[in-house]
Protein chains: 2
Amino acid sequence: MSSAQQPKLVAVAESKRFMTDCFLAVNVPRDHAEAMADLLVGADYRGHFSHGMNRLEMYINDLAINSTDGAAVPVILKETPSTAWVDGRNGLGVVVGNYCMDLAIKKAKAVGVGWVCAKGSNHYGIASWYVLRALKEGLMGMTTTNTSPLMAPTRSKEAALGTNPLSFGAPAKDDKFLLDMATTAVAVGKIEIQRRKGEPLPDGWAQDPTGNQTNDAELAFSTGCLMPLGGPEISSGYKGYGLGAMVDILSGVSAGANYSTKVRKWTHAGANTAADLGQVFIAVDPNCFAPGFEDRMTDFNGRLRGCEPSDPSKPVLVAGDKEDLNMKAVDTVGGIQYLENQLKTCAALAERLNIKPLSFN
Amino acid sequence: MSSAQQPKLVAVAESKRFMTDCFLAVNVPRDHAEAMADLLVGADYRGHFSHGMNRLEMYINDLAINSTDGAAVPVILKETPSTAWVDGRNGLGVVVGNYCMDLAIKKAKAVGVGWVCAKGSNHYGIASWYVLRALKEGLMGMTTTNTSPLMAPTRSKEAALGTNPLSFGAPAKDDKFLLDMATTAVAVGKIEIQRRKGEPLPDGWAQDPTGNQTNDAELAFSTGCLMPLGGPEISSGYKGYGLGAMVDILSGVSAGANYSTKVRKWTHAGANTAADLGQVFIAVDPNCFAPGFEDRMTDFNGRLRGCEPSDPSKPVLVAGDKEDLNMKAVDTVGGIQYLENQLKTCAALAERLNIKPLSFN
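Residues numbered from 1 in each chain as written. Chains lettered and ligands numbered in written order. Predicted model: local features only at pLDDT ≥ 70, side-chain atom pairs only at ≥ 80, totals over all residues. Heavy atoms only, no water.

Caption draft 1: Broad picture of the overall build of chain A. Counting secondary structure elements, chain A contains eleven helices and eleven strands. Relative to the globule expectation of 21 Å for 361 residues, the C-alpha radius of gyration of chain A, 20 Å, shows essentially globular dimensions. Taken along its principal axes, the extent of the C-alpha atoms in chain A is 55 × 50 × 45 Å. The buried share among the 361 residues of chain A stands at 60%. Taking all contacts inside chain A whose residues are at least 6 apart in sequence as the whole, residues at least 24 apart take part in 67%. (Helix = DSSP H or I, 4+ residues; strand = E, 2+ residues; numbered from the N terminus. Rg over C-alpha atoms; globule rule 2.2 N^0.38 Å. Buried < 20%, exposed > 50% of the residue type's maximum accessible area, 1.4 Å probe, protein only. Contact = heavy atoms within 4.5 Å.)

Written out as structure tokens, the structure reads:
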């Protein structure tokens with residue numbers, strides 16, 4: 001790593017300040033700007049850099065050319081005691097997501113389950129962000145979103161589904177379970193990393209233009225066809241493909257938003273059409289079932305973490321543990337470590353938007 | 001294949017008659033016996049032989065030694081407009097499953113979503129069986145069940161979760177989507193097949209006793225540690241592990257049933273304790289969201305099936321297509337093709353239970 005690539009330390013509060021200022025500069029109302037900054041710094045804090053400040057410029061560009069409406073407030077189109085159909089009105093993903101999950105939470109508290117589908121939404125960052133809101137209220141939470149086509153169905157040469165993530169979480173006593181996963185084997189970011197390192201891809205990550213799996217990172221990147229979780233058909237990639245389709249049915253198809261190949265590409269320069277993504281937000285009150293849920297969850301997590309590891313230096317983890325370890329590490333060193341490239345982008349953004357540059361050590 | 005292994009043709013109705021008689025012979029009431037036979041022949045009809053008549057003897061043995069109560073009827077322990085907590089009272093899995101999904105359907109029709117958790121259940125066969133009930137009512141359906149420990153969490157040498165299947169389905173106009181998958185890369189049955197054929201396992205299926213993946217079918221079988229969907233950590237097996245854990249949380253942990261390593265082994269001889277499996281049954285009315293759901297589903301399926309295949313002789317399928325093709329093939333040849341080994345087991349069962357033997361061509 002060249003010295004120019006040495007990471008620099010940015011305080012969590014300063015990262016949030018800078019991103020809030022960026023959104024304010026493109027006329028996003030303060031509460032929406034802060035919600036977006038919280039979401040993005042929250043991703044970086046957890047170590048999911050691909051979904052944090054790394055995407056700031058894309059959101060800003062979408063807002064600058066009005067392909068996203070930063071001021072839009074979601075509206076309920078249809079409602080039952082346990083469901084709602086919401087129009088995000090092309091607002092910011094986090095504004096739609098927070099609104100819909102809070103509505104699902106309210107319904108779950110009233111009748112046991114809240115199931116809220118949104119159309120007219122935009123990229124909502126890390127899916128687990130919304131599930132965390134349910135966990136804070138002692139509820140189980142789940143959310144899925146569709147995304148731009150990037151995954152090839154099993155046997156297909158072409159992409160027809162997105163990375164279509166799914167997040168599910170459950171509260172536990174002094175603990176939690178928090179799964180947040182793309183239904184592709186890996187995200188594009190991981191292929192970019194191998195490409196930059198000049199290293200081959202493991203099997204099962206991506207396809208070449210003929211639809212066969214490839215270990216060539218450059219070819220995989222230019223082809224743009226990720227494989228579903230499970231890889232090729234022989235190792236059950238059709239299951240990951242099935243899960244990706246399930247996500248789109250729960251999100252885009254249910255909501256009457258775009259789905260499958262109808263979803264536009266999301267480019268660095270921003271897009272000139274509305275994304276009209278579909279998303280679902282589900283909250284369930286575990287007290288509707290057997291009493292003592294959170295105690296059992298703690299025991300359940302303990303049974304998993306207590307498994308004898310194959311390599312003693314790599315203990316068995318529960319979904320969400322990696323993110324917690326990352327947050328602790330950030331707290332210990334007193335900030336988030338951003339790469340020099342990221343900071344250059346921020347410096348350019350500060351100049352372009354005429355705001356106070358990002359401070360770092 | 002030796003001539004002794006040539007498959008024989010059994011009419012669907014005769015397979016059902018025989019299995020019903022078996023259950024009646026161990027004092028299962030007629031309606032429960034027929035429900036079990038429908039479930040098992042339904043699996044064979046769809047080509048899921050591992051979950052059909054292949055398991056008849058295990059169910060019969062469990063009933064014969066009273067580790068399952070064939071006459072038990074489920075009871076509701078707690079209820080809200082959209083949820084129910086049910087005690088299966090150690091009844092047959094299909095009796096619990098049909099009851100709970102019908103209750104979920106009723107609630108979905110009333111308030112949009114029905115979410116029913118059952119404890120005290122037993123193996124319920126193919127998960128999609130219950131989702132089909134929701135589809136027939138124009139609803140989306142979902143179910144999960146926990147099962148005996150057989151999957152090693154990522155990094156673990158030991159099994160701590162079952163194959164923990166998940167089924168999700170959605171109705172479409174003159175079509176449907178019906179996913180039914182274990183959250184392990186493959187089921188044990190596939191390893192048995194490679195073992196009998198004396199062929200190596202593909203990567204990512206199973207572990208050896210040190211926790212590394214193995215291609216040795218014999219060693220994999222004796223170790224009994226399946227890998228999660230995705231295989232090893234490098235190809236994102238932790239996602240399959242996370243999904244398997246999610247299934248157990250939705251099923252066993254929520255229901256207050258057994259979970260993780262608390263679930264007993266299920267042996268051929270039957271078990272002398274109650275399984276106390278946990279299951280969840282979810283129904284959702286898509287009419288609560290954007291109108292025209294079934295038309296969009298048909299278009300969605302068409303976009304997937306319409307992808308250009310890598311191999312023109314292997315078209316892109318949608319979840320459930322394989323099962324439909326199998327049912328058509330059974331209809332064409334006029335019966336289900338059972339292997340000689342299976343028929344020998346049936347002959348022995350007929351003698352033991354003193355019932356009319358299975359007829360075949």
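Caption draft 2: Here's a closer look at the relation of the copies chain A and chain B. Overlay of chain A on chain B (RMSD 0.0 Å): rotation 180°, translation along the axis 0.0 Å. Between the two chains, the operation in question is that of a two-fold axis. If distances are taken from each C-alpha of chain A to the rotation axis, the shortest is found for G230 of chain A, at 2.1 Å. When the interface residues of chain A are mapped onto chain B, 100% of them again lie at the interface, so the same face is used by both copies. (Least-squares fit on C-alpha atoms with pLDDT ≥ 70 in both.)

Caption draft 3: Spatial organisation of the environment of W205 of chain A. Tracing the backbone shows W205 of chain A in the loop between α6 (188–197) and β8 (206–207). Linking W205 of chain A and A185 of chain A, residues 20 residues apart in sequence, is a C-alpha distance of 5.7 Å. Among the polar contacts listed, one links the side chain of W205 of chain A to the backbone oxygen of I234 of chain B, at a separation of 3.3 Å. (Polar contact = N/O pair within 3.5 Å; in protein donor to acceptor, adjacent residues only side chain to side chain.)

Caption draft 4: Broad picture of the nonpolar core. Grouped together as the largest cluster of nonpolar side chains are 84 residues, with contacts concentrated most on W115 of chain A together with W115 of chain B. Every residue in contact with W115 of chain B, bar those within four places of it in the chain, is listed here: V113, W115, I282, V284 and F289 of chain A together with S82, T83, A84, L250, V280, F281 and I282 of chain B. (Core = buried A, V, L, I, M, F, W, Y, C linked by side-chain atoms within 4.5 Å.)

Caption draft 5: Local environment of the pattern of salt bridges. This model, assessed by the stated rule, comprises 37 salt bridges over all chains. A salt bridge links K176 of chain A to D324 of chain A; the nearest nitrogen and oxygen atoms lie 2.8 Å apart. You can see K176 of chain A sitting in strand β7 (residues 175–181) and its partner D324 of chain A sitting in helix α10 (residues 321–333), a full 148 residues away along the chain. Residue D324 of chain A is classed as partly exposed on the basis of its relative accessible area of 25%. Among the ionic pairs, D38 of chain B bridges to K16 of chain B, the shortest N-O distance being 3.1 Å. Remark: K16 of chain B occurs in helix α1 (residues 12–25) and D38 of chain B occurs in helix α2 (residues 30–45); sequence separation between them is 22 residues. Accessibility expressed as a relative area gives 29% for D38 of chain B, which makes it partly exposed. Given a relative accessible area of 24%, K16 of chain B falls into the partly exposed group. (Salt bridge = Lys/Arg side-chain N within 4 Å of Asp/Glu carboxyl O.)

Caption draft 6: Molecular detail of the side chain of S128 of chain A. Secondary-structure assignment places S128 of chain A in helix α5 (residues 128–136). Given the relative accessible area of 5%, S128 of chain A is considered buried.

Caption draft 7: Structural context of the sheet that holds strand β5 (residues 140–145) of chain B. All names here are of chain B. Taken in spatial order, the seven strands make up an open sheet running β2-β3-β4-β10-β5-β6-β7, and their pairing is mixed. For this open sheet the edge positions go to β2 (75–79) and β7 (175–181), each flanked by a neighbour on one side alone. Each adjacent strand pair in this sheet contributes to an overall mean axis angle of 15°, direction not counted. Taken together, the seven bridges between strand β6 (residues 166–172) and β7 define a ladder with antiparallel strand orientation. Counterpart to A172 in the pairing with β7 is D175. (Pairing = 2+ DSSP bridges. Axes fitted to C-alpha atoms, helices over the stretch in contact; angles between N-to-C directions.)

Caption draft 8: Representation of the sheet that holds strand β10 (residues 277–284) of chain A within the structure. Residue and element names in this part refer to chain A. Read across the open sheet, the seven strands follow the order β2-β3-β4-β10-β5-β6-β7; overall the sheet is mixed. Of all strands in the sheet, those bounded by a partner on one side alone are β2 (75–79) and β7. For this sheet the average axis-to-axis angle between neighbouring strands, irrespective of direction, equals 15°. As judged from the four bridges shared by β2 and strand β3 (residues 83–87), these two strands associate in the antiparallel manner. Opposite I76, over in β3, you have V86 as the bridge partner. Each of β5 (140–145), β6 (166–172) and β7 is contacted by helix α9 (residues 293–305), which is oriented at about 110° to β6, the strand it contacts most.

Caption draft 9: Structural detail: the interface of chain A and chain B. On the chain B side, the residues contacting the 88 residues of chain A number 88 residues. The contact between chain A and chain B buries some 7100 Å² in all, and 66% of this surface belongs to carbon and sulfur atoms. The three residues of chain A that bury the most area against chain B are R155, K239 and F289 of chain A, which together make up 11% of that side's buried surface. Taken together, the links from chain A to chain B amount to four salt bridges. One salt bridge in this structure joins K322 of chain A and E233 of chain B, with 3.9 Å as the shortest N-O distance. Our enumeration of links across chain A and chain B arrives at 41 residue pairs in polar contact (both at pLDDT 80 or more). Where the side of chain A that touches chain B is concerned, the elements lending two or more residues are β3, β4 (113–121), β6, β7, α8 (237–255), β10 and α9 of chain A. Per element, the largest residue contribution to the side of chain A that touches chain B is 14 residues, and it comes from α8 of chain A. (Buried area = accessible area lost by both parts, 1.4 Å probe.)

Caption draft 10: Region of interest: the packing of aromatic side chains. This structure, assessed with the given rule, holds twelve aromatic pairs over all chains. Taking 5.7 Å as the distance between ring centres and 80° as the angle between the ring planes, the aromatic pair formed by Y130 of chain B and F281 of chain B counts as edge-to-face. Remark: F281 of chain B occurs in strand β10 (residues 277–284) and Y130 of chain B occurs in helix α5 (residues 128–136); sequence separation between them is 151 residues. The cationic tip of K322 of chain A hangs over the ring face of Y238 of chain B; the distance from NZ or CZ to the ring centre is 5.6 Å. (Phe/Tyr/Trp six-rings, centres within 6.5 Å; stacked < 30°, edge-to-face > 60°. Lys NZ or Arg CZ within 6 Å of the ring centre and 35° of its normal.)

Caption draft 11: Highlighting the side chain of T154 of chain A. Position of T154 of chain A relative to the elements: it lies in the loop between β5 and β6. What T154 of chain A contacts, discounting residues up to four positions off in sequence, is P228, E233, G237, Y238 and Y241 of chain A together with V316 of chain B.

Caption draft 12: Region of the structure containing the domain arrangement of chain A. Residues and elements named next belong to chain A. For chain A, the assigned domains read domain 1 (1–65 + 334–360), domain 2 (72–185 + 230–289), domain 3 (186–225) and domain 4 (293–327). Here the C-alpha centroids of domain 1 and domain 2 sit 24 Å apart. Between domain 1 and domain 2, the buried area comes to about 1700 Å², and carbon and sulfur atoms account for 70% of it. Our enumeration of links across domain 1 and domain 2 arrives at one salt bridge. R264 serves as the salt-bridge partner of D62, at 3.3 Å between the closest nitrogen and oxygen. Linking domain 1 with domain 2 are one residue pair in polar contact (both at pLDDT 80 or more). Broken down by secondary-structure element, the contributors of at least two residues to the side of domain 1 that touches domain 2 are α2 (30–45) and α3 (56–64). Of all the elements, α2 adds the most residues to the side of domain 1 that touches domain 2, at seven residues. Residues of the side of domain 1 that touches domain 2, tallied by class, amount to nine nonpolar, five polar and five charged. (Domains from an automatic or database assignment. Nonpolar A, V, L, I, M, F, W, Y, C, P; charged D, E, K, R; others polar.)

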